[in-house]
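# What the coordinates show
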Amino acid sequence: MQHIAFIGLGNMGAPMARNLVAAGFHVSVFDLAPAAVASLVEAGATAAASASAAVQTADAVITMLPANKHVQELYLGAGGVLDSAKPGALFIDCSTIAADVARQVAQAASERGFAMIDAPVSGGTAGAAAGTLTFIVGGSDAALQQARPLLEKMGKNIFHAGEAGAGQVAKICNNMLLGILMAGTAEALNLGVAHGLDPKVLSDIMAKSSGRNWTLEVYNPWPGVMEGTPASRNYTGGFGTALMLKDLGLAQQSALSANAPTPLGGLVRQLYQMHAQAGYAQQDFSSIVQMLQPGLQTPAA
């Protein structure tokens, strides 16, 4: 595969597409934001006038979109990807969406003779830029092997969770736990600071103790504790609160459909709902610490 279409150039999609360009692929890009397309063109990609134009001659189509409806419209809508892609093209959807939607789109693709995998990612914007993402894949073994050369240019770890939709189930389980860990880490740091502890010292202690977790070591929510994190740049960039809220909602929908109790998942969804409604929807999800320390930063305009 030499010609790749990449649709969706947000905080995650743009660096992923850039890594494919750097790896020598011919990458056609499309996004509703002209500035995002222009940035990729500067890196060596080719701009497409529309999503359908981007996929017409592509060997593989990679999508990174916000929600269920965007994936359904892009793939299943009139003049969309299924109507426009060349025969034999491989579809890789890296969006985080409901598992039943992933299965619906994969089934429609299969009926048209296309192979497709759902491949949501973990690792954040830093991982996307560094090419060290984790891909969590649902789909056939054959489709995954076909996609592997592309995934390896954008990520470090590739897990095959199962058939179509399984990647989405695993991803929402991961993100539900991530939301719980972030909220818990924020509470622990706030408690320590309230007693006069230095948040960096406390973070170092917990990172080497039984409270150790990814949010402490890689994505600390307290400003100034860790360079390069959203917390140290007024919670800009990264993974938005609104997106975390969406994923937590997907987790609760999945829990209800499977009759699987998730009391902590439900509680953290409520916390993020309150946080988003307070004006922080566009800030990074680590800004949940501001519910406890409102004076740390100010809401996004």
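Residues numbered from 1 in each chain as written. Predicted model: local features only at pLDDT ≥ 70, side-chain atom pairs only at ≥ 80, totals over all residues. Heavy atoms only, no water.

In this structure, Ile7, Val55, Val61, Tyr75, Val81, Phe91 and Tyr272 are the most contacted members of the largest nonpolar core, which totals 55 residues. The leading source of residues in this core is helix 9 (residues 166-194), at 7 residues. Three or more residues apiece are contributed to this core by two domains, here domain 1 (3-163) and domain 2 (169-291). Not counting the four nearest positions on each side in its chain, Phe91 is found in contact with Val61, Tyr75, Val81, Leu82, Ala85, Ala109, Phe114, Ala115, Met116 and Ile117. Residues Met12, Val37, Ala45 and Cys94 belong to the second largest nonpolar core, which totals 36 residues. (Core = buried A, V, L, I, M, F, W, Y, C linked by side-chain atoms within 4.5 Å. Buried < 20%, exposed > 50% of the residue type's maximum accessible area, 1.4 Å probe, protein only. Helix = DSSP H or I, 4+ residues; strand = E, 2+ residues; numbered from the N terminus. Domains from an automatic or database assignment. Contact = heavy atoms within 4.5 Å.)

Looking now at the packing of helix 9 against helix 13 (residues 263-280). Two numbers describe how helix 9 lies on helix 13: the axes approach to 9 Å, and their chain directions differ by 65°. Taken as axis vectors, helix 9 and helix 13 run roughly perpendicular relative to one another. Two packed elements cross with a definite hand, and for helix 9 against helix 13 that hand is left-handed. Contacts between helix 9 and helix 13 involve Met176, Gly179, Ile180, Met182 and Ala183 from the former and Leu264, Gly265, Val268, Leu271 and Tyr272 from the latter. (Axes fitted to C-alpha atoms, helices over the stretch in contact; angles between N-to-C directions. Parallel < 35°, antiparallel > 145°, perpendicular 65-115°, else oblique. Left-handed = near helix turned anticlockwise from the far one by under 90°.)

What follows is about the domain arrangement of the protein. Annotation of the protein at the domain level lists domain 1 (3-163) and domain 2 (169-291). Taken together, the two surfaces of domain 1 and domain 2 that pack against each other cover about 940 Å², and 61% of this comes from carbon and sulfur. Per-residue buried area on domain 1 facing domain 2 is highest for Thr96, Thr125 and Ile136; these three make up 40% of the total on that side. Where domain 1 packs against domain 2, one counts 0 salt bridges. (Buried area = accessible area lost by both parts, 1.4 Å probe. Salt bridge = Lys/Arg side-chain N within 4 Å of Asp/Glu carboxyl O.)

Let us look at the pattern of salt bridges. Counted by the stated rule, this structure contains 5 salt bridges. Of the charged contacts in the structure, one is a salt bridge between Arg112 and Asp83, with a shortest N-O distance of 2.9 Å. Remark: Asp83 occurs in helix 5 (residues 81-84) and Arg112 occurs in the loop between helix 6 (99-111) and strand 6 (115-118); sequence separation between them is 29 residues. Here Lys246 makes a salt bridge to Asp247, at a shortest N to O gap of 3.4 Å. Using a relative accessible area of 22% as the deciding quantity, one classes Lys246 as partly exposed. Taking relative accessible area as the criterion, Asp247 reaches 1% and is therefore assigned buried.

Further remarks concern the UniProt feature "domain: 3-hydroxyisobutyrate dehydrogenase-like NAD-binding" (unreviewed entry) in the protein. UniProt records the feature "domain: 3-hydroxyisobutyrate dehydrogenase-like NAD-binding" (unreviewed entry) for residues 165-292 in the present numbering. Annotated as 61% helix and 0% strand, the span residues 165-292 places its first and last C-alpha atoms 36 Å apart. (UniProt positions renumbered as here; feature names shortened; annotations may be inferred.)

Geometrically, a pair of aromatic rings is defined through the distance of the ring centres and the angle of the planes. Applying the stated criterion to the full structure yields 5 aromatic pairs. Centroid distance Phe91 to Phe114: 4.7 Å. Interplanar angle 35°. Geometry classified as tilted. With Phe91 in strand 5 (residues 90-93) and Phe114 in the loop between helix 6 and strand 6, this residue pair connects regions lying 23 residues apart in the sequence. The pair formed by Phe91 and Phe114 is uniform in burial state, with each residue classed as buried. The structure contains a cluster of three or more aromatic residues connected by ring pairs, namely Trp214, Tyr219, Phe239 and Phe285. (Phe/Tyr/Trp six-rings, centres within 6.5 Å; stacked < 30°, edge-to-face > 60°.)

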